[in-house]
Amino acid sequence: MVLYTSPFPNSFLSVLHSFSWGLIFPCYWFADRLVASFVPTTYEKRQRADDPCYFQALCIIITTPIYLALLVASLPFALIGFLLWSPLQSARRPYIYSRLKDRNQANGATLLTEWKATGNGKSFCFGSANVCLLPDSLARFNNVFNTQARAREIGRRIRNGASRPQIKIYIDSPTNTSISAASFSSLVSPQSGDSNNRAVNVSIKRTSSLEYKGDNSGSSNSEDSKDVKHGEDLNEGEDNNTCIVRINGEDNGHVSDPEVDAISAQANPSGPAEHSLEGERESTKGQVPNHKQKEGDSGSLDSYAASRESLVKVRIGDGTVDQSSINNKLLYKASVMKKTSVRKKKHMDEIFDHEISAFFPANLDFLCLQEVFDKRAAEKLKQQLHHYFEYILYDVGVYGCHGCCSFKFVNSGLLFASRYPVMDAAYHCYPNGKGTDSLASKGALFLKVQVGSTPQDQRIVGYISCTHLQALAGDTTVRCEQLDLLQDWLADFRKSTSSSSTANPEELVAFDVICGDLNFDNCSSEDKLEQQHSLFTRYKDPCRLGPGEEKPWAIGTLLDPEGLYEEEVCTPDNLQKVLENEEGRKGYLVYPTSKNHSSSQKGRKASLKGNGRRIDYMLYTEEGIYLEWKVEVEEFNFITQLAGLTDHLPVAMRLMVSTGEEDS
């Protein structure tokens, strides 16, 4: 299947489309600014609190006639442009596929090695987020603004979080698991291009940092060499920027929470200087004002340091080296989340790690975004994501009249980014959208990616589906119909793109994942039909016990727009701390409405049940996977790194595909 790298089949239509949009854009921009001037956000209200009342009124009185006059003057040109633009949409392709030509510019792409399905298996990390990149006037109804600057900042934060090498910590003691056996939320800053895995024996002491020897040390004993070799064999399926730390420390490797606090408090401030990724020194002019760096904002643009309250700083570096090798060795500043032990004590029955993280997971392989409606914002977001992801599909959807669908003014808002090659892609528009949702071409994007090959030259592939369902409350029937269509379309896509037979499989399917904003939760009584949909019998939800019953650690992903800029939650670290507290999160998450709703704030908080409305989902299935392989969730994260940039919490899931083969 040919992937579409341009929206139109020939350059003439592309030029004509650009010309027609050039006639429309001035009218669109003036209308957007006019409406935006009447819809201030809570941040802007707070900034203007000290201004005289007449000042704001005077600004509106002056700017409104100007915008109106320019809007009226641009209307004739916009009408001509619309008459040209509308019929062109019948020839428009449903997405634009962008592949980075220079792989050296993609930090994520250069770290990949092809999986050969040898060893114990390989993990894949998936992320999903609703980023609310609407035209500025519409975004303000969700209490966010400056769409263009937010798009750039969202892309930077995602790639900064994902490009951190992954730290795995193994405990040799069979009786102690107080440190996570596989900590994927570690924060590491790479300082060179070395791509070898590391397996290191260390002893944990009450010091400000842990010293490790890297590969460039002048000498290493045979035991260390064996450990390194064993670590490389054990993790054949892992990315090359994985750092493996093997602990056989004092006190059986146990570090209690007070000890971790002491280590954090004594962290050496004079460590090696942090190096930012390419592009980090770009001008911040035009960025959203509330995104300035603050103390403890570990998820902000230029920060690679995690908060002292939640992270233990680790350095990898020292050793006897000659001067010529100093510039080539890796100096890692890693972080181990101290709350992992607390979390596991609370939920001992859970078989995988789960946490509220201030960062996107390291080695993020696939990213699905929703509500990337604004075209200019999509371009800015794509440019930032291309620093990490080599393959991106954006501007997904249809415009104008298509089949039985109503007229579509904006696209689907879906965007997909991948570190692995995309083999096939297909998009379908939901034909039953209602209300304002019918103006957007909401639908589903289906993708087939190649993640490796076997020694017998069989391709190893995976399927990913990204979707965004009807948003309006009460449209339960519409959403159920869309879920039916989603399953049917996915089955057709898998059938049409499969080149395998049972007798002679040319492809081995490693995973099948669905992610997106489904606009219903697993707690509200109004969403019972969706909760019991057949989709959840075929696909597993890691956060759900059953219809209407969530796992105790799962939290809502829909933030209360009115509280986005509060000091307590406006930075990734602060939002993480608030959400980890059951009482704290009640003031900043949207909860299912209660029939016994109290009018007072105190009564409202007392009546809230559960952990908020979780409407952003990540589902996986074991059906249709290669029979000899097993798929399990290795980690699930709720992410706060986009605090102040969107009204949704991103989610991430890491799947382990186990082949069952033993290392030789």
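What counts, and at which threshold
- Residues numbered from 1 in each chain as written.
- Predicted model: local features only at pLDDT ≥ 70, side-chain atom pairs only at ≥ 80, totals over all residues.
- Heavy atoms only, no water.
- Patch = residues over 30% accessible without salt bridge, like charges linked within 9 Å, V, L, I, M, F, W, Y side chains within 5 Å.
- Areas by Shrake-Rupley, 256 points an atom, 1.4 Å probe, with all protein chains shown as cover.
- Salt bridge = Lys/Arg side-chain N within 4 Å of Asp/Glu carboxyl O.
- Helix = DSSP H or I, 4+ residues; strand = E, 2+ residues; numbered from the N terminus.
- Buried < 20%, exposed > 50% of the residue type's maximum accessible area, 1.4 Å probe, protein only.
- Pairing = 2+ DSSP bridges.
- Axes fitted to C-alpha atoms, helices over the stretch in contact; angles between N-to-C directions.
- Contact = heavy atoms within 4.5 Å.
- Disulfide = S-S within 2.5 Å.
- Parallel < 35°, antiparallel > 145°, perpendicular 65-115°, else oblique.
- Left-handed = near helix turned anticlockwise from the far one by under 90°.
- Nonpolar A, V, L, I, M, F, W, Y, C, P; charged D, E, K, R; others polar.
- Core = buried A, V, L, I, M, F, W, Y, C linked by side-chain atoms within 4.5 Å.
- pLDDT = per-residue confidence, 0-100.
- Polar contact = N/O pair within 3.5 Å; in protein donor to acceptor, adjacent residues only side chain to side chain.
- Lys, Arg positive; Asp, Glu negative; His and termini not counted.
- Charge placed at Lys NZ, Arg CZ, Asp CG, Glu CD.
- Phe/Tyr/Trp six-rings, centres within 6.5 Å; stacked < 30°, edge-to-face > 60°.
- Expected span 1.5 Å × (residues − 1).

Caption draft 1: A nonpolar patch on the surface, seen in detail. A cluster of nonpolar residues, Leu-79, Phe-82, Leu-83, Phe-409 and Leu-439, forms a patch on the protein surface that exposes about 490 Å² of accessible area. Inspection of the secondary structure puts Phe-82 in helix 3 (residues 53-88).

Caption draft 2: Representation of unusual backbone geometry within the structure. Phi angles above zero are rare outside glycine, and Cys-132 is one such case at about 55 degrees. Exposure remark for Cys-132: the relative accessible area of 0% places this residue in the buried category. In the Ramachandran plot, Glu-371 falls in the positive-phi region, its phi being about 60 degrees despite a non-glycine side chain. When you line up the elements, Glu-371 lands in strand 10 (residues 366-372).

Caption draft 3: Here's a closer look at the pattern of salt bridges. On inspection of all chains with the given rule, the structure shows 24 salt bridges. Arg-46 serves as the salt-bridge partner of Glu-566, at 3.7 Å between the closest nitrogen and oxygen. Of the two residues, Glu-566 sits in the loop between strand 18 (549-550) and helix 14 (572-579) while Arg-46 sits in helix 2 (residues 42-47), which places them 520 residues apart along the sequence. A residue is classified by how much of its surface remains accessible, and Glu-566, at 30% relative accessible area, is partly exposed. A relative accessible area of 39% means that Arg-46 is categorised as partly exposed.

Caption draft 4: Geometry of the sheet that holds strand 2 (residues 121-133). One open sheet accounts for eight strands, arranged 1-11-12-10-2-21-20-9; its pairing is mixed. Two strands in the sheet have a free side with no partner beyond their single neighbour: strand 1 (96-99) and strand 9 (353-357). The average undirected angle you get between the axes of adjacent strands in this sheet is 15 degrees. Helix-sheet contacts for helix 5 (residues 147-162) involve strand 2 and strand 10, and the interaxial angle to strand 2 is about 165 degrees.

Caption draft 5: Structural detail: the sheet that holds strand 13 (residues 422-429). Taken together, the five strands give an open sheet; going across it, the order is 13-14-15-16-19, and neighbouring strands pair in mixed fashion. Of all strands in the sheet, those bounded by a partner on one side alone are strand 13 and strand 19 (616-620). Averaged over all pairs of adjacent strands, the angle between strand axes in this sheet comes to 15 degrees, irrespective of strand direction. The pairing of strand 13 with strand 14 (residues 443-453) spans seven bridges and is classified as antiparallel. For Asp-424, the partnering residue across the bridge sits in strand 14 and is Lys-448. Set on the sheet, helix 11 (residues 476-497) makes contact with strand 13, strand 14, strand 15 (459-468) and strand 16 (507-517); between it and strand 14 the angle comes to about 35 degrees.

Caption draft 6: Region of interest: the state of the cysteines. All chains considered together, the criterion is met by zero disulfides. Cysteine Cys-515 is unpaired, with the sulfur of Cys-368 as its nearest cysteine sulfur at 3.1 Å. According to the relative accessible area criterion, Cys-515 is buried, its value standing at 2%.

Caption draft 7: Molecular detail of the packing of helix 1 (residues 11-36) against helix 3. Where helix 1 contacts helix 3, the axes come no closer than 7 Å and their chain directions differ by 150 degrees. By the angle class used here, helix 1 and helix 3 are roughly antiparallel. For the element pair helix 1 and helix 3, the recorded crossing hand is left-handed. Looking at the contact of helix 1 with helix 3 residue by residue, the class counts come to 24 nonpolar, five polar and one charged.

Caption draft 8: Local environment of helix 14. Most of helix 14 is tucked away, with seven of its eight residues classed as buried. Buried residues of helix 14: Pro-572, Asp-573, Asn-574, Leu-575, Gln-576, Val-578 and Leu-579, and no others.

Caption draft 9: Highlighting the nonpolar core. Counting residues in each nonpolar core, the largest one holds 92 residues, and the members touching the most others are Phe-366, Phe-416 and Phe-511. Counting residues in hydrophobic clusters, the runner-up holds 28 residues, among them Ile-154, Leu-369, Ala-378 and Tyr-388.

Caption draft 10: Local environment of the confidence of the model for the protein. With 66% of its residues at a pLDDT of at least 70, the protein reaches an overall mean of 76. This model gives residues 289-346 a pLDDT under 50, and the stretch forms 167 contacts once residues within four places in sequence are excluded. This stretch, residues 597-604, has a pLDDT under 50; its non-local contacts, to residues over four places away or in other chains, come to four contacts.

Caption draft 11: Just the side chain of Arg-157, in detail. With respect to the helices and strands, the residue Arg-157 is situated in helix 5. Reaching out from Arg-157, the side chain makes a polar contact with the backbone oxygen of Ala-643 at a distance of 3.4 Å.

Caption draft 12: Geometry of a negative patch on the surface. Together, Glu-481, Asp-484, Asp-488 and Asp-492 give the surface a local cluster of negative charge. Examined against the element boundaries, Asp-484 turns out to sit in helix 11.

Caption draft 13: Structural view of the packing of aromatic side chains. For the coordinates displayed, the defined rule picks out 34 aromatic pairs. Here the aromatic rings of Trp-115 and Trp-629 are separated by 5.5 Å at their centres, their planes lie at 40 degrees, and the arrangement is tilted. Residue Trp-115 is located in the loop between strand 1 and strand 2, and its partner Trp-629 is located in the loop between strand 19 and strand 20 (630-639); the two are separated by 514 residues in the primary sequence. Since its relative accessible area comes to 10%, Trp-629 is described here as buried. One aromatic cluster in this structure is built from Trp-115, Phe-124, Phe-126, Phe-366, Phe-416, Tyr-420, Phe-511, Tyr-626 and Trp-629.

Caption draft 14: Helix 5, seen in detail. In this model helix 5 runs 22 Å from its N-terminal to its C-terminal C-alpha over 16 residues, within 8% of the 22 Å that 1.5 Å per residue would give. Among the 16 residues of helix 5, 15 are classified as buried, and the element is accordingly described as predominantly covered.

Caption draft 15: Expanded view of the packing of helix 5 against helix 10 (residues 375-385). Interaxial distance between helix 5 and helix 10 falls to 8 Å at its minimum, and their mutual angle equals 20 degrees. Regarding the angle of helix 5 to helix 10, the classification is roughly parallel. As helix 5 packs across helix 10, the resulting crossing turns out to be right-handed. Contact with helix 5, carried on its side by Thr-147, Gln-148, Ala-151, Arg-152, Ile-154, Gly-155, Arg-156, Ile-158 and Arg-159, involves Arg-376, Ala-377, Lys-380, Leu-381, Gln-384 and Leu-385 of helix 10 and no other residues of that element. Per-class residue counts for the contact of helix 5 with helix 10 are six nonpolar, four polar and five charged.

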